[in-house]
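The chain contents come next:
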Amino acid sequence: MQHLRPQIDEAVSAIRTAWRGEAAWGIVLGSGLGRLAAAIEAEAEFDYADLPHFPRPTAQGHAGRLVCGTLGGVPVAAMQGRFHLYEGWTAEQAGLPIRVMKSLGARAVLLSNAAGGLNPRMAIGDVMAIDDQINLMFRNPLIGVNDDTLGPRFPDMSEPYCPRLIGDAAATARAAGFALHRGVYAGMLGPTYETRAEYRMLRQIGADAAGMSTVPETIAAVHAGMRVAAFSAVTNVCSPDRLSETTHEEVVAAADSAADKLSTIAKALVAST
């Protein structure tokens, strides 16, 4: 981890050539949710290819662009697309943009993803606020010699997702007239979707939704001392006894159907800072 500080500084320096703002929030937009960036009044945009140490995303629905500007008048830095471990990137690389956002001024991060719903109360197009996680990727962005300037050697993960932000999001959903579930997210390595037996296991160990991202970013954010709010767009309902074939195109389309709900929540949380 001790090599991360120069990488962070180089990426920040590249961004500062075009954007001098101090981000209050970092935002990560997942599969099918990148169009939420249209709500941001962009002041500078960067292709990941132009930012030092940023990998290039290969997943469908991930534009690979960092948008810096304001959302409702609040300065933000938003990623249109993220880096997944199944693409061959490490957990450390997946967490790097979070550290860059912290260096740009962000003290809170909003993460979004597309996930399979395991809780039978969920339906396609619903949104779930993540209140805890299970790391079944078996990867961690903090492996290696710790850099104490970035965070503690053993960060506490008893409450990775900020309860106040979850409460604010729930109040926003009620006022807007849509349901916001709350539950546990299981981070899977992927890229295969889960088998029937795996879905049964996930439900038995307490997971409400499963996806292939978010966990490394959350760990990096907690390590950096940032508040985290994260939301899953339920893109398919994973009932082992009625399991049908899942395609990525269907996942992206279903995530897009939840975009308005996520946009409403994001705007309200950012405005509350």
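Since this is a predicted model, take the numbers as computed values, not measurements.

Caption draft 1: Region of the structure containing the side chain of Asn-119. When you line up the elements, Asn-119 lands in the loop between strand 5 (108–117) and strand 6 (127–136). For Asn-119, the side chain forms a polar contact with the side chain of Asp-208, separated by 3.0 Å.

Caption draft 2: Looking closely at the nonpolar core. Ile-15, Trp-25, Leu-66, Ile-98, Val-100, Phe-231 and Leu-269 are the most contacted members of the largest nonpolar core, which has 83 residues in total. With near-sequence residues (within four places) excluded, Ile-98 lies in contact with Val-28, Val-109, Leu-111, Glu-217, Ala-220, Ala-221 and Met-226. Counting residues in each nonpolar core, the second largest holds eight residues, with Ala-186, Met-188, Ala-207 and Ala-210 among its members.

Caption draft 3: Region of the structure containing helix 3 (residues 163–176). Relative to the 20 Å expected for 14 residues at 1.5 Å per residue, helix 3 spans 20 Å between its end C-alpha atoms, a close match to the ideal helical length. In the core, the buried residues of helix 3 are packed alongside strand 1 (25–29), strand 6, strand 7 (180–188), strand 9 (227–237) and helix 7 (259–271).

Caption draft 4: Region of interest: empty space enclosed by the protein. Throughout the structure, instances matching the rule amount to two cavities of 30 Å³ or more. In this structure, the largest cavity spans a volume of roughly 80 Å³. Around the largest cavity sit Ile-27, Leu-29, Leu-36, Ala-39, Ile-40, Leu-71, Leu-110, Ser-263, Ala-266 and Lys-267, which together line it. Of all the elements in the fold, those that place two or more residues in the lining of the largest cavity are strand 1 and helix 7. Sort the elements by how many residues they give to the lining of the largest cavity and helix 7 lands first, with three residues. Looking at the lining of the largest cavity, its residues break down into eight nonpolar, one polar and one charged. Taken as a whole, the second largest cavity spans an internal volume of roughly 40 Å³. In this structure, the second largest cavity is lined by Arg-82, Phe-83, His-84, Leu-85, Ala-94, Met-212, Ser-213, Thr-214, Pro-216 and Glu-217. Within the lining of the second largest cavity, the residues separate by chemical class into five nonpolar, three polar and two charged.

The rules behind each value
- Each chain carries its own residue numbering, running from 1 in the written order of its sequence.
- Reporting in this predicted model follows two pLDDT cut-offs: at least 70 for local features of residues, and 80 or more for side-chain atom pairs to be given and counted; totals over whole chains, interfaces and linings ignore these cut-offs and use all residues.
- Excluded from the side-chain calculation are hydrogens and water; included are all heavy atoms of the structure.
- For helices the rule is a DSSP run of H or I covering at least 4 residues; for strands it is a run of E covering at least 2, with both sets numbered from the N terminus onward.
- Any N or O atom pair separated by 3.5 Å or less is treated as a polar contact, with the protein-specific requirement of one donor-capable and one acceptor-capable atom, and with residues adjacent in sequence counted only for side-chain atom pairs.
- Each nonpolar core is a collection of buried residues, namely Ala, Val, Leu, Ile, Met, Phe, Trp, Tyr and Cys, held together in the definition by side-chain atoms within 4.5 Å.
- Relative accessible area decides the class of each residue, using a 1.4 Å probe on protein chains only: under 20% of the type maximum gives buried, over 50% gives exposed, and in between gives partly exposed.
- Every residue pair with non-hydrogen atoms within 4.5 Å of one another is taken to be in contact.
- The span you would expect from a helix comes to 1.5 Å times its residue count less one.
- Every definition here rests on a 1 Å grid over the protein atoms only: cavities are sets of points where a 1.4 Å probe fits but cannot get out, pockets are open sets enclosed by protein on both sides within 12 Å along at least five of seven lines, and lining residues have some atom within 4 Å of a point.
- Grid points are joined across faces, edges and corners, and a volume is the space filled by probe spheres set on the points.
- For this classification, the nonpolar set comprises Ala, Val, Leu, Ile, Met, Phe, Trp, Tyr, Cys and Pro, the charged set comprises Asp, Glu, Lys and Arg, and every other residue, Gly included, is treated as polar.

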